[in-house]
Amino acid sequence: MIGMIFILTWCTVGMIRIIANLPKDDRKRFFLSLVNPKIMLKNIRDIFCDCLFHVKLWKRNRLLGYMHSSIAFGWFMLIVIGHIEVFFYAPHRAKLLYFPIFFRYFMAEDDSTMGGAFFFFLMDFFLLVVLSGIALAIVKRVHSRFFGMRRTTNPSFMDLVGLYSLWSIFPLRLFAEGFTADISGGSFLTESLNHVFHAFLGNHMNMLPTWWAYSLALGIFFCALPFTRYMHIPTEILLIPLRNAGVRIRHPRKGYAEAEVYACPSCGVCIDACPMGVMKTHIKDTTVYLNRQLRRHNETRIEEISDKCLLCGKCTAVCPVGVEGDRLRIAQRSARKYNISPDYSCIDTDILKKEASFRAPASGKVLYFAGCMTALTPQIRKSVESVLTRCGTDYEFMDRDGGICCGRPMLMAGRFDAAEEMIAKNTDIILGSGADTLLLSCPICYRIFRENYNLGKMRIVHHTEYFAELIGSGTIGMLHGSDRYVFHDPCELGRGCGIYDEPRAVLSAAGELVEAEKHHRESICCGGSLGSLTLGFGKRQAMTENALHNLTAASPDSIVTACPLCLSTFHRYADRPVMDIAEVVDRNMIPADSNDIDD
Amino acid sequence: MMNFGFKIAPSATINLDNVDMEKFTLLHEMEPDVYKCMACGSCSATCPAGRFTGMSVRKVILDLQRGREKEAVRMLKGCMLCGKCSMVCPRGINTRHLILSVCRIYNEDKQ
Ligand code: SF4
Ligand code: SF4
Ligand code: SF4
Ligand code: SF4
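First, a word on scope: everything that follows refers to the structure included in this document. (Residues numbered from 1 in each chain as written. Chains lettered and ligands numbered in written order. Predicted model: local features only at pLDDT ≥ 70, side-chain atom pairs only at ≥ 80, totals over all residues. Heavy atoms only, no water.)

1. Things to note about the site of ligand 1
All names here are of chain A.
And step 1. Residues in contact with ligand 1 amount to 14 residues; listed here are only the nearest, Cys264, Pro265, Cys267, Cys270 and Cys319.
And step 2. Listed by contribution, the elements that provide at least two residues to the shell around ligand 1 are helix 13 (269–273) and helix 14 (287–296).
And step 3. The dominant element in the shell around ligand 1, judged by the number of residues it contributes, is helix 14, at 3 residues.
And step 4. Looking at side-chain class alone, the shell around ligand 1 contains 10 nonpolar, 4 polar and no charged residues. (Near = heavy atom within 4 Å. Helix = DSSP H or I, 4+ residues; strand = E, 2+ residues; numbered from the N terminus. Nonpolar A, V, L, I, M, F, W, Y, C, P; charged D, E, K, R; others polar.)

Structure representation (structure tokens):
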């Protein structure tokens, strides 16, 4: 009872605090979304799918999904049916929150009526479901491999208190109901248990202690709840409507970020997913531990964890509740104070504008921005230029002699003002050129151009998309060879921008396409990412080797990627050729209009 | 005095005894690799900011070691954090972390 009151006040206060901490326009959006029937329907569906059935976990591993959903859904049904029961038998007490929980203690019913037996059966059935879930949870603690997880989270002390009280609630409930089954009615489970008890314990004196133990376990669980990972149960219900309302992280600690942190149930799915996990020393730097340290306000560790991450976004992609590990970290970085702030006012955009300008009418033309990283991998630049020339596209190079960085690396470091300054300068140059299409070779640039630039009607494409289109429309033909290619999805292109099919279409046209062990949304970061601020070269080798191992599972002849950074990172340790998709296109293309070929 | 149209270059002598190395020690604590730099200049050659602002990680490291904070800070303000320098550094120095650490330890106002 005390537990109940405590948890209800705590949740209400917490919810008000999170909503109050949202920026004004976000708050408005949230309240508006609550009255919008379409979003409301989506909210309800998502709450059911995610909180009760854990659909995403089912997709990952059936046993894991069953474990989570049996506890959540089973418990939910126990509560619902418990309420219905009370409603039937003691309507005058239905308003008391605790009554259904201890219904069997207060009431002396029998299953003489059909309805009674039916409810008792349901109650027992769901109790069995929950119990099986808890048994699985206990197995998982010891043998997480059965559940498709190599590692599971290391619980903190409070988590253990919560864990054990949760585990003990249901067996105790079973015993308690078993003792009283002959007085207040029961079904296959509790009745038979009752007979067992009667065999050696003749009287009902034992029922009091078990009911006490049950209510004690329940009370401890609810009192401990705000300080444990089980806080995710109420928080997730708040997080889902917030997310559906389009609210995003704006502040490193308050509002949506706080909701995400508390919605994390420490399921540990992100531990295996994280590419840093190949080194034991980094396991405590995965998102689940970031969330824990954020709850504890341990500033030193928060800084360490936030700076080390590669921002590959994989934890976000696999997280069943939708915690955005990468954005959460960028937000933490943005709170940092620097004494020296960049100032690009001395960069003269006029020179760059002149370099990027077209002769005669610029409409319908392509502006090619290779990006900083591509400057270090000239083969990409050369191939793209060669393809463009051979199919007669009128293009202009925006940064032949080096230009201004797109700003994404600065943004990843959390220095938004400096990034904005670069964005403004680049926008000025690009719009000044008058071209309609901006062609990019680097997924890092591509992502920030799509997310943070406002280029009006201009089309922003990555060369994979552009080439896929050229092939699709028949502008260029491809020589189908016998080479086996595997495609590595660069983090920023795949998870960042959702481009998965285009590169595969291009490669299928050029040869045989095989898949890596983990691909698409689950592709493994090459380890070279600019996202990490503190990882030095030496510490990245194991990650790159692990990523290569994953890619070569189907023994392809060559590894193909679409990012200059992945290319140079893989080059260092790969045992077979690594190419950019532009090189493949350049090598295998047959221009439709063969007059254009000069060799 | 005769006007030759040019002057003798001002003295570039630095008295290391007058240089306060406290901050550099702190920097070394945050990014120990700073001592690994062999001043090869690869970072400067590849830096896209160098074209516009004269940024050079090599010079920044040297300047800080010699107590010429002002020059270092002026250059650092032009860095775009693109990471090219860390890609090419033959010593494998995490130059981006180095740059960010300098930005935290040193001040731009009190020069
Ligand atoms: S962040 Fe997501 S995946 Fe990781 S433990 Fe929390 S809920 Fe699970
Ligand atoms: S973004 Fe990538 S590197 Fe960072 S914690 Fe998530 S999975 Fe690990
Ligand atoms: S590339 Fe590395 S070793 Fe060479 S000067 Fe720059 S920081 Fe020093
Ligand atoms: S990170 Fe800064 S110093 Fe290094 S290459 Fe880029 S702009 Fe130059």
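2. Some remarks on the packing of aromatic side chains
Residue and element names in this part refer to chain A.
And step 1. In this structure the tally under the stated criterion is 12 aromatic pairs over all chains.
And step 2. Residues Phe369 and Phe449 carry aromatic rings whose centres are separated by 5.7 Å and whose planes lie at 75° to one another, so their mutual orientation is edge-to-face. Of the two residues, Phe369 sits in strand 1 (residues 366–369) while Phe449 sits in helix 23 (residues 443–451), which places them 80 residues apart along the sequence. The residues Phe369 and Phe449 share a single accessibility class, namely buried.
And step 3. When the ring centre of Tyr338 is taken as origin, the NZ or CZ atom of Arg415, which lies over that ring, is 4.0 Å away. (Phe/Tyr/Trp six-rings, centres within 6.5 Å; stacked < 30°, edge-to-face > 60°. Buried < 20%, exposed > 50% of the residue type's maximum accessible area, 1.4 Å probe, protein only. Lys NZ or Arg CZ within 6 Å of the ring centre and 35° of its normal.)

3. Section: the interface of chain B and chain A
And step 1. Taken together, the contacts link 30 residues of chain B with 39 residues of chain A.
And step 2. Taken together, both faces of the contact between chain B and chain A bury some 2900 Å²; the carbon and sulfur share is 62%.
And step 3. Looking only at chain B, the three residues that lose the most surface to chain A are Met80, Met87 and Arg104 of chain B, adding up to 23% of its buried area.
And step 4. The interface formed by chain B and chain A holds 1 salt bridge in total. (Contact = heavy atoms within 4.5 Å. Buried area = accessible area lost by both parts, 1.4 Å probe. Salt bridge = Lys/Arg side-chain N within 4 Å of Asp/Glu carboxyl O.)

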